[in-house]
Amino acid sequence: MKTLNVNIDHVATVREARAGKEPDPVSAALSAESAGAKGIVCHLREDRRHINDRDVQNLREVIQSKLDLEMAANEEIIKIALNLKPDLVTIVPEGRMELTTEGGLDVAGNTEKFKSLTDRMHSKGIEVSFFVEPDKKQIEASLSCSADMVEFHTGNFANANDENIEKELKKIISASKIAFNSGLKIAAGHGINYLNIRPLCLIPEIGEFSIGHSIISRAIYVGIEIATREMIEVISKSSIK
Ligand code: PXP
């Protein structure tokens, strides 16, 4: 069964709107876990706009499932990750002005840097995933950098109109086959919601989904536990058995 990792960044976004103490992303993570999430994802950004250093420490101490630290390949954050020892780091591109991660990482354009990052993470027992476009060149580059996993950027698929949605879906389908046949684990993330996840569930090679915005948005009305459980139910019902 495909598993769900819940990104709790936006719980911290609401907290930071008042620079206060609530809502607490760690409590949200525990609720997501008790609803069946198999992983908790958070992005420690260079500008600390939502998740902060204390959050990642607290998450490391209390969560029982997989901790996936999303991060840019920035030396300050790399050092924090090496000390924190999350189960997985997902390496993403990061731009100061962006509202959220806007696209995949260009691993192919800097394999030396990314190979060295992977080696440093592996030396501490931390697995490495690269957040890339569903593209053969980036998959091969990730493999050459000793990645354990790739996460395909599904933003273009999620934002596609009726005319190009099939084309975007096909890119994810064929990239998943290539990555899977290379021995990489596969996740998908960005812009996934309770409806558009259905065709992605039919891709057998995808093992995990990393979802934040739609679950946290739904949680405003029904709470994190129900919002998480509902997403797990959609995944279960939509996946090939
Ligand atoms: N995966 C990665 C690598 C991301 O950067 C994000 C956004 O933080 C997500 C998944 C989750 O995207 P969304 O919030 O649109 O579900």
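Our structure is the block above this text.
Residues numbered from 1 in each chain as written. Predicted model: local features only at pLDDT ≥ 70, side-chain atom pairs only at ≥ 80, totals over all residues. Heavy atoms only, no water.

A.B. asks: For this particular structure, what's the right way to read the packing of helix H2 (residues 25–34) against helix H3 (residues 53–62)?
C.D. replies: If you want to describe how two helices pack, look at the angle between their axes and the distance between the axes. Direction vectors running N to C along H2 and H3 enclose 30 degrees, while the axes themselves pass 9 Å from each other. Taken together, the axes of H2 and H3 are roughly parallel relative to one another. Our pair here, H2 against H3, has a crossing hand that is right-handed. Where H2 approaches H3, its residues Pro25, Val26, Ala29 and Leu30 are matched on the opposing element by Asp55, Asn58, Leu59 and Val62. Among the residues making up the contact of H2 with H3, the classes are represented as 6 nonpolar, 1 polar and 1 charged. (Axes fitted to C-alpha atoms, helices over the stretch in contact; angles between N-to-C directions. Helix = DSSP H or I, 4+ residues; strand = E, 2+ residues; numbered from the N terminus. Parallel < 35°, antiparallel > 145°, perpendicular 65-115°, else oblique. Left-handed = near helix turned anticlockwise from the far one by under 90°. Contact = heavy atoms within 4.5 Å. Nonpolar A, V, L, I, M, F, W, Y, C, P; charged D, E, K, R; others polar.)

A.B. asks: Sorry, what's going on with the side chain of Glu151 here?
C.D. replies: Structurally, Glu151 can be placed in strand E6 (residues 149–153). No salt bridge forms around the buried Glu151; measuring N to O, its nearest opposite-charge neighbour Lys66 is 8.5 Å away. The residues contacting Glu151, other than those within four sequence positions of it, are Thr90, Ser129, Phe130, Phe131, Val132, Ala187, Ala188, Gly189 and Ser210. (Buried < 20%, exposed > 50% of the residue type's maximum accessible area, 1.4 Å probe, protein only. Lys, Arg positive; Asp, Glu negative; His and termini not counted. Salt bridge = Lys/Arg side-chain N within 4 Å of Asp/Glu carboxyl O.)

A.B. asks: Would you take a moment to explain the nonpolar core for this structure?
C.D. replies: For soluble globular proteins, the rule of thumb is that nonpolar side chains tend to be buried together. The biggest cluster of nonpolar side chains holds 69 residues, and the ones touching the most others in it are Met121, Phe130 and Phe209. Contacts of Met121, omitting those with residues within four sequence positions, involve Met71, Ile78, Ala81, Leu82, Val89, Ile126 and Val128. (Core = buried A, V, L, I, M, F, W, Y, C linked by side-chain atoms within 4.5 Å.)

A.B. asks: Help me understand the pairing of strand E2 (residues 39–43) in this model?
C.D. replies: Consecutive residues of a regular strand have side chains that alternate between opposite faces of the sheet. Within E2, 5 of the 5 residues are buried, leaving the element largely enclosed by the surrounding structure. Burial along E2 is two-sided: Gly39, Val41 and His43 facing one way and Ile40 and Cys42 facing the other are all buried. Direction of pairing for strand E1 (residues 3–7) relative to E2: parallel, over a ladder of 3 bridges. Residue Val6 lies in a different strand from E2, and its bridge partner there is Ile40. (Pairing = 2+ DSSP bridges.)

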